[in-house]
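Next come the chains, spelled out residue by residue.
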Amino acid sequence: MIEGRVTKTMGDLNKGLYNKYQIINRETGRVADGDYFVLKPATDPAARAALIAYAETTDNEQLAMDIVFWVSAIEDAVKDTQV
């Protein structure tokens, strides 16, 4: 166990990297080719951190702003539930 990190023994948390989701292209309705990593930022602080890191690295300024706004809204909602 890494110091300061909560370890849970149920569900997907101990499985590591594996193929959990099938990604469907909404425009074509077909299974998307390639490898994907799905994040759920509403419940995963590590996902929010990864999204912010992506926003800081991408050359797409609009996407970066959208991600920062989205993650900020999620963090505000999480704070509201902790009060």
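Residues numbered from 1 in each chain as written. Predicted model: local features only at pLDDT ≥ 70, side-chain atom pairs only at ≥ 80, totals over all residues. Heavy atoms only, no water.

Caption draft 1: How the structure looks around the pattern of salt bridges. Under the defined criterion, the tally for this structure stands at 1 salt bridge. Among the salt bridges present, the one from Arg48 reaches Glu75, with a minimum N-O distance of 3.8 Å. One end of the pair, Arg48, is in helix α1 (residues 45–57); the other, Glu75, is in helix α2 (residues 61–82), with 27 residues separating them in the sequence. The partly exposed category is assigned to Glu75, whose relative accessible area is 34%. (Salt bridge = Lys/Arg side-chain N within 4 Å of Asp/Glu carboxyl O. Helix = DSSP H or I, 4+ residues; strand = E, 2+ residues; numbered from the N terminus. Buried < 20%, exposed > 50% of the residue type's maximum accessible area, 1.4 Å probe, protein only.)

Caption draft 2: Broad picture of the nonpolar core. Leu51, Ala55, Ala64, Ile67 and Val71 together form the largest nonpolar core, which totals 5 residues. For this core, the secondary structure elements donating two or more residues are α1 and α2. Ranked by the residues each element gives to this core, the list is headed by α2, at 3 residues. Ignoring any residue separated from it by four or fewer positions in sequence, one finds Ala64 in contact with Ala55 and Thr58. (Core = buried A, V, L, I, M, F, W, Y, C linked by side-chain atoms within 4.5 Å. Contact = heavy atoms within 4.5 Å.)

Caption draft 3: Region of interest: α1. In this model α1 runs 19 Å from its N-terminal to its C-terminal C-alpha over 13 residues, within 8% of the 18 Å that 1.5 Å per residue would give. Considered for burial, the residues of α1 that qualify are Ala47, Arg48, Leu51 and Ala55. Taken down its axis, α1 places every buried residue within 100° of arc, on the same side. Exposed residues pointing more than 90 degrees away from the buried face of α1 are listed as Pro45, Ala46, Glu56 and Thr57. On its buried side, α1 packs onto α2. The opening residue of α1, the one whose side-chain oxygen lies 2.9 Å from the backbone nitrogen of Ala46, is Asp44. (Expected span 1.5 Å × (residues − 1). Arc of directions from axis to C-beta. Polar contact = N/O pair within 3.5 Å; in protein donor to acceptor, adjacent residues only side chain to side chain.)

Caption draft 4: Summary view of α2. Its 22 residues give α2 an end-to-end C-alpha distance of 32 Å, which sits within 8% of 32 Å, the value for a rise of 1.5 Å per residue. If you follow the buried residues of α2, they end up packed against α1.

Caption draft 5: Broad picture of a nonpolar patch on the surface. A surface patch of nonpolar side chains, about 370 Å² in accessible area, is lined by Leu17, Phe37 and Leu39. Position of Phe37 among the secondary structure elements: in the segment before α1. According to the relative accessible area criterion, Phe37 is exposed, its value standing at 61%. (Patch = residues over 30% accessible without salt bridge, like charges linked within 9 Å, V, L, I, M, F, W, Y side chains within 5 Å. Areas by Shrake-Rupley, 256 points an atom, 1.4 Å probe, with all protein chains shown as cover.)

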